[in-house]
Every structure is written in structure tokens, then in C-alpha cells.
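Structural characterization, general
Each chain is listed here by its residues.
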Amino acid sequence: LRKLTTMRLGENKLTGNLPSFSRHSNMKALDLSNNGLSGPIPSNFLETVNQEGSIFVDLSDNVLSGNVPGSLSHVKDMTIYLRDNRIGGIDSSLCSNEGWNEGDVGLFRCDGILCPSGTYAINGRASRNGSCETCRKNKYYGGTTCGGSAGVSLKPLASTTLLVLVVTTMASLL
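Now for a quick tour of the structure.

Calculation rules
Residues numbered from 1 in each chain as written. Predicted model: local features only at pLDDT ≥ 70, side-chain atom pairs only at ≥ 80, totals over all residues. Heavy atoms only, no water. Pairing = 2+ DSSP bridges. Helix = DSSP H or I, 4+ residues; strand = E, 2+ residues; numbered from the N terminus. Contact = heavy atoms within 4.5 Å. Polar contact = N/O pair within 3.5 Å; in protein donor to acceptor, adjacent residues only side chain to side chain. Axes fitted to C-alpha atoms, helices over the stretch in contact; angles between N-to-C directions.

What to know about the pairing of strand β6 (residues 63–68)
Note: strand β4 (residues 36–40) against β6, 3 bridges, orientation parallel. Counted as the bridge partner of G39 is L64 from β6. Bridge analysis of β6 against strand β8 (residues 86–90) gives 4 bridges, and the strand direction is parallel. Each bridged residue has a counterpart across the sheet, and for N67 the counterpart in β8 is G89.

This is the structure we're talking about:
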């Protein structure tokens, strides 16, 4: 399955660390939003994807922590959603990727990836639709509300046979 181009597993109650997908060079769309994935974004996350191609990544509404790694800077055109996690920073080398998030990183620099701690925006980042607003209650990057509980899903986590099958299949692919 190294030729896999799209994986959409949003809202599947997945838990554990985020896989690197480092062997999936053809990946064009990856949606793992609204799950319970935790830990840092791996430094080799998507390291073999086509640098010149366009890629969509949605990791929002998980429990990811640490910094967004600078190793992602090799991708020239990426739309990446990271809102409502527990991210503590962004490697500054990412803030000059003008093609990211439909050009919002070119306009807003790091804020075009995620609003910093102490701020929020409806999309968790600055965009043409709004900038990051002050909110001292927010201690993580990418908050979508003032004082909200970023990175804490309100949905109960439950196991299902399908979930076990998907996680087992994912683990064998990686």
C-alpha cells in the first residue's frame, strides 16, 4: 500500500501516537481529524511525499503535542489543519512557506499555520477570514475559542470491531 494517495479516517476514535507515513511517497490527502491521536508530530512525518506536489493534511481535534517540526518545510504546497490540539510551537522554518494554507502562510507567516498561545481564531489560524485574537486563557497553539479545551475531545472513546480492523491494518501498512 505504498501507492496509497488518500486516507480519510476522521472521527474514528483512533488513539495512540501519530504514524509517520514516511514510506507513503504518493500521499496527497490525509485526514485523521477528530480522533484521540497523541504525542508529537514525528520529525519524519510525510518525509517522502512529492515536494512539488500539493498535499492536504487534517490533524485537527486530536491531542497532539510538542512543536510542528521543521522537516515539513520540504513540501512547497500544503494545506494543513492542526487546530485544537496541544501544540506548543511551530518551527520557524515553516513560516516562510508562502504556498501553504492557500497562501495564508505567505500573508500571515506562522499565524497562517496556527494562532500562537494566548490567542485564538475561528479556524485556529489567521486567514483571509480573520486574524488571531487575544485570549490569555489559551495555553496551546491553534485554539478556536477563547478558553476552550483544545486537544480534549468531548466525544467518548469506544472500541469497535471496525476500529480494531482499521488500526491493525494501519499498523501493518506502516
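Comments concerning the environment of N67
Here N67 shows up in strand β6. Linking N67 and Y141, residues 74 residues apart in sequence, is a C-alpha distance of 9.4 Å. Those residues in contact with N67 that lie beyond four places of it in its chain are G88, G89 and I90. At 3.0 Å, the side chain of N67 and the backbone nitrogen of G89 are in polar contact.

Some remarks on the sheet that holds β6
Strand order across the open sheet formed by 4 strands is β2-β4-β6-β8, with parallel pairing between neighbours. Each having just a single partner strand, β2 (15–17) and β8 make up the two edges of the open sheet. When the angles between neighbouring strand axes are averaged without regard to direction, this sheet yields 20°. As paired strands, β2 and β4 are joined by 3 bridges and run parallel to one another. Paired with T15 across the two strands is G36, which belongs to β4.

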